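Here's the letter readout for the chains.
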Amino acid sequence: MGGPLGAIIGRHPAAVGGGGEDELGGGGGGGDGGGIIRHNRRCRDLAFLVLFAAFWVAMIVNSSFGFNQGNPLRLTYELDYKGNICGSRHGDPDLHELDVRYWMNPNQVYQSGVKDNKINLADAKAICLMECPIPAADGLNFVCDYPEGDIRLSIDDWINRDYDYFEFLTPDMRNSSLQQQGPCYPVIFPSVNVYWSCQFIARASNVSLKHWQQMGGINIDENILIDKTIHKAINSKSSVLKRYVADIGKSWPVLIVCGGLLPLFLSVIWLLLIRYFVAAMPWITVVLFNALVISVTMFFYIKAGWLGNDPLTVVIGESDPYVHITGREISHLHAATVVMTVVMIIAFLSSIAIIRRILIATPVLKVAAKVIGEVQALIIFPVVPYFILAIFYMFWFSATLHLFSSGQVLRNDCNTDCCSYDLKLGKVNCDNCCGYSIHYTPHIGIAILFHLFGCYWATQFFIACSSTVIAGSVASYYWARGEISHDIPFVTVVSSLKRLLRYSLGSVVIGSLVVSAVEWVRFILECLRRKLKLFDSARESCFGKMTSSSSQCCLGCIDWTLKSVNRNAYIMIAITGKGFFKASVLATGLIMNNILRIGKVNVIGDVILFLGKLCVSLFCALFAFLMLDTHKYKSAHNKISSPLVPVVVSWALGFIVAKLFFQVVEMSIDTIILSFCQDAEEHQGNAQYAPPLLMETLDEQSELQRLTQGP
């Protein structure tokens, strides 16, 4: 262990007048200096603190790039043939009410789906409309290009005429339109609004087609490709990803309520219940956890269409009941439903398995409840990192929306042989057939990955800071028991926070960075594995599957071990003021010397606390489902493509908030047990400063350890 910690943690009086900056334990309980945790501390791991400062500068610069280059409208709405974003006020013309993309020339749509054809759907002529047009019941409707040039119509008049000014065309314009070169095109196929793009239905109107043929119009291709081509573009991976990110922006009220306010309220309630009804809380937690898992799973079944009559639909607004259109979002919901079913079964079986062990957790939780009762500021303190994280997440989510939409709108490079009528030039133009697309350069992908990594590192850092402050406060309670208890309730938390800010920020940075790095190695390896699997057309070998699974399993075990080691390292940092690596060695040695004492008592307590966090986060997910299941998020501009991402984000935010508050209990237990182990080692197995309740809890384990170690 490297020697006793008595002088470090303040059980022996300090020299008179030693109450300077090195005695930030404060409290005024000792008559000759008054420090609770006395140690000649100094700033540790400064190099990593500088690295963290540089990281924040990079985050700000990276986010500024997104705010300058991005436009969140691009995540929801598409481009017309001029490169305007549908629904944007800054288009030419003003498109703020025209948010649906419609492909005017059905032949171009068909040809873009034919194999080895030069034309691409991105180059097919598309304009922005208010709603998708439908064929006339007893005649022929036209959709004409934006009015300009010789067409003296305002945009409002054009909309009021259902985008049809065919009767105003000159003979040359009419002839050009009959050749499918514009400016007016026939509405032959019905279409529905699928995520703000008009999905053609390969079911031509016989009446409209007959009128078109009677007018002398050229042949229009009829084939299932007419809708498959559009569906493929709308349903591409990049389009789905953009819609998922857009869902976050549209559902921000849900995230504030279910990811911020609700978990705050539930976490505080849970801490208060632990304080006053500790004996019943393990049972309540297990029962509530199973009920919430079942409820969330049932909602997934409903939205996946496997239960009830309220499945997710990809169509915006009303649709033909005889037309069934699906998307990747629905298949993702099906996968999530299967996963939740497996989780529900495992949760139920695990709950049965730990019922007999729950009684062991109660005494441990009672010790934590005793600490919370005496150090009352611990219940209030997590509000501080909570508000810091809330401000950070609001900035981060805003920057995320802009970064994901920060591609450049550029004209496509194509060799399409096509012609269309140019209203400004007043003639058919064959030189301008390429459309516009949003192009993402590699550095944008790197910026997004850095942004995601930065969020994870910052979250781990703030949680680590909170853990260290709580550990310092609880350690002060343990080692100063009987000396300055009347000063404990509020002073120790402030003193522990001061020590962290002045001496140990660099050490906390290392711990959070190590965990974040391992998590991201896992993420990158998983992405590489998926890409290699896509490129490998042959069936993956058993050896390859086994290697991939074992590597992921090993990294998962390393990640879990690091998180456990970090938590104990933060405790030793708070107590001793050592650097991260030295504190990790001290904590690991102490745990290995007392593995029997710690294991049986601590593991089941951690399980109950973990279930408590899941209860809070699952309740947030359930409430998010209820909020998203309203008319506001099912229609018009606020319609989300899928409840999956907002629910998962609400769950994750709820878990993070619960972790901030639940670690008051978690760190109290770990800190007191580590302090007890150190106390017992320094006094030949008889802890001198342990509270009576803790002695009763660990008495059986102490006896077992002495029997196994021998005389």
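These figures come from a predicted structure and were not determined experimentally.

Undergrad: Residue-level account of the state of the cysteines, with values.
TA: The tally for this structure, following the rule as stated, stands at 3 disulfides. Linked covalently through their sulfurs, C144 and C184 form a disulfide whose S-S length is 1.9 Å. Here the S-S torsion is close to 105°, and the disulfide linking C144 with C184 is therefore right-handed. In this pair, C144 sits in strand 3 (residues 142-144) while C184 sits in strand 4 (residues 184-186), placing the two residues 40 residues apart along the sequence. With relative accessibility at 0%, the residue C184 sits in the buried group.

Undergrad: Can you tell me about the packing of helix 9 (residues 237-250) against helix 15 (residues 383-404), naming the residues and giving the values?
TA: Between helix 9 and helix 15, whose axes approach to 10 Å, the crossing angle comes to 150°. Between helix 9 and helix 15, the interaxial angle falls into the category roughly antiparallel. Viewed along their axes, helix 9 and helix 15 form a crossing whose handedness is left-handed. Counting all contacts with helix 9, which are made through L241, V245, I248 and G249, the residues of helix 15 involved are F397, L401 and F404. Residues belonging to the contact of helix 9 with helix 15 are distributed by class as follows: 6 nonpolar, 1 polar and no charged.

Undergrad: How would you explain the nonpolar core if you had to name every residue and give the values?
TA: In this structure, W158, Y165 and V665 are the most contacted members of the largest nonpolar core, which totals 190 residues. If you tally residues by element for this core, the top one is helix 21 (residues 644-682), at 22 residues. Setting aside residues no more than four positions away along its own chain, Y165 makes contact with C144, D145, Y146, P147, I151, L153, W158, P183, C184 and L423. By size, the runner-up hydrophobic cluster in this structure holds 9 residues, among which are L401, I444, A447 and I448.

Undergrad: Explain the environment of D80 to me, and be specific about the residues and the numbers.
TA: Inspection of the secondary structure assignment puts D80 in the loop between helix 3 (73-76) and strand 1 (100-103). Not counting residues up to four positions away in its chain, the partners in contact with D80 are L95, A126, I127, C128 and Y146. A distance of 3.0 Å separates a polar atom in the side chain of D80 from the backbone nitrogen of K82. A distance of 2.9 Å separates a polar atom in the side chain of D80 from a polar atom in the side chain of Y146.

Undergrad: Requested: an account of unusual backbone geometry, with residues and values cited.
TA: With phi around 60°, D162 is a residue other than glycine that occupies positive phi space. Structurally, D162 can be placed in the loop between helix 5 (155-160) and helix 6 (171-178). Of note in the backbone geometry, W196 takes a positive phi value of approximately 65° without being a glycine. Turning to its location among the elements, W196 is positioned in the loop between strand 5 (191-194) and strand 6 (197-200). Residue W196 is classed as buried on the basis of its relative accessible area, which comes to 4%.

Undergrad: An account of the confidence of the model for the chain is requested, with residue identities and associated values reported.
TA: The share of residues in the chain with pLDDT of 70 or more is 83%, and the mean pLDDT across the chain is 82. A low-confidence stretch, residues 6-36 (pLDDT under 50), is modelled with 69 contacts involving residues beyond four sequence positions or located in other chains. Between residues 700-711, whose pLDDT stays under 50, and residues either more than four places distant or in other chains, the model counts 14 contacts.

Undergrad: Before we move on, could you go through the pairing of strand 2 (residues 126-129) and cite the residues and values that matter?
TA: Successive side chains on a regular strand alternate, one facing one side of the sheet and the next facing the other. Burial of the side chains of strand 2 extends over both faces: A126 and C128 are buried on one face and I127 and L129 on the other. Bridge count between strand 1 and strand 2: 4 bridges; the pairing is antiparallel. When the bridges of strand 2 are listed, W103 appears paired with A126.

Undergrad: Tell me about helix 12 (residues 328-354), residues and numbers included.
TA: Its 27 residues give helix 12 an end-to-end C-alpha distance of 39 Å, which sits within 8% of 39 Å, the value for a rise of 1.5 Å per residue. For helix 12, the full list of buried residues reads E329, I330, L333, A336, T337, M340, T341, M344, A347, S351 and I354.

Undergrad: Explain the pairing of strand 6 to me, and be specific about the residues and the numbers.
TA: Residues S197 and Q199 line one face of strand 6 and the alternating positions C198 and F200 line the opposite face, and both faces are buried. As defined by bridge partners, strand 5 adjoins strand 6 across 4 bridges and the pair is classed as antiparallel. Across the sheet, the residue bridging to V194 is S197, located in strand 6. What sits between the antiparallel neighbours strand 5 and strand 6 is a turn of 2 residues, in which Y195 has the positive phi angle 50°.

Undergrad: Help me get a handle on the layout of surface pockets, residues and values and all.
TA: Taking a probe equal in size to a water molecule and rolling it over the atoms shows the remaining empty space. Taken as a whole, the second largest pocket encloses approximately 640 Å³ of empty space. The wall of the second largest pocket is formed by 31 residues, among which E131, C132, P133, I134 and S191 lie closest to the centre. When contributions to the lining of the second largest pocket are tallied by element, the ones reaching two or more residues are strand 3 and strand 5. Across the lining of the second largest pocket, the residue classes break down as 17 nonpolar, 6 polar and 8 charged. For the lining of the second largest pocket, the two domains that each supply at least three residues are domain 1 (100-235) and domain 2 (238-318 + 326-530 + 556-703).

Scoring rules and cut-offs
- Residues numbered from 1 in each chain as written.
- Predicted model: local features only at pLDDT ≥ 70, side-chain atom pairs only at ≥ 80, totals over all residues.
- Heavy atoms only, no water.
- Disulfide = S-S within 2.5 Å.
- Helix = DSSP H or I, 4+ residues; strand = E, 2+ residues; numbered from the N terminus.
- Buried < 20%, exposed > 50% of the residue type's maximum accessible area, 1.4 Å probe, protein only.
- Axes fitted to C-alpha atoms, helices over the stretch in contact; angles between N-to-C directions.
- Parallel < 35°, antiparallel > 145°, perpendicular 65-115°, else oblique.
- Left-handed = near helix turned anticlockwise from the far one by under 90°.
- Contact = heavy atoms within 4.5 Å.
- Nonpolar A, V, L, I, M, F, W, Y, C, P; charged D, E, K, R; others polar.
- Core = buried A, V, L, I, M, F, W, Y, C linked by side-chain atoms within 4.5 Å.
- Polar contact = N/O pair within 3.5 Å; in protein donor to acceptor, adjacent residues only side chain to side chain.
- pLDDT = per-residue confidence, 0-100.
- Pairing = 2+ DSSP bridges.
- Expected span 1.5 Å × (residues − 1).
- 1 Å grid on protein atoms, 1.4 Å probe; cavity = no way out; pocket = protein on both sides within 12 Å on 5 of 7 lines; lining within 4 Å.
- Points joined across faces, edges and corners; volume = space filled by probe spheres on them.
- Domains from an automatic or database assignment.

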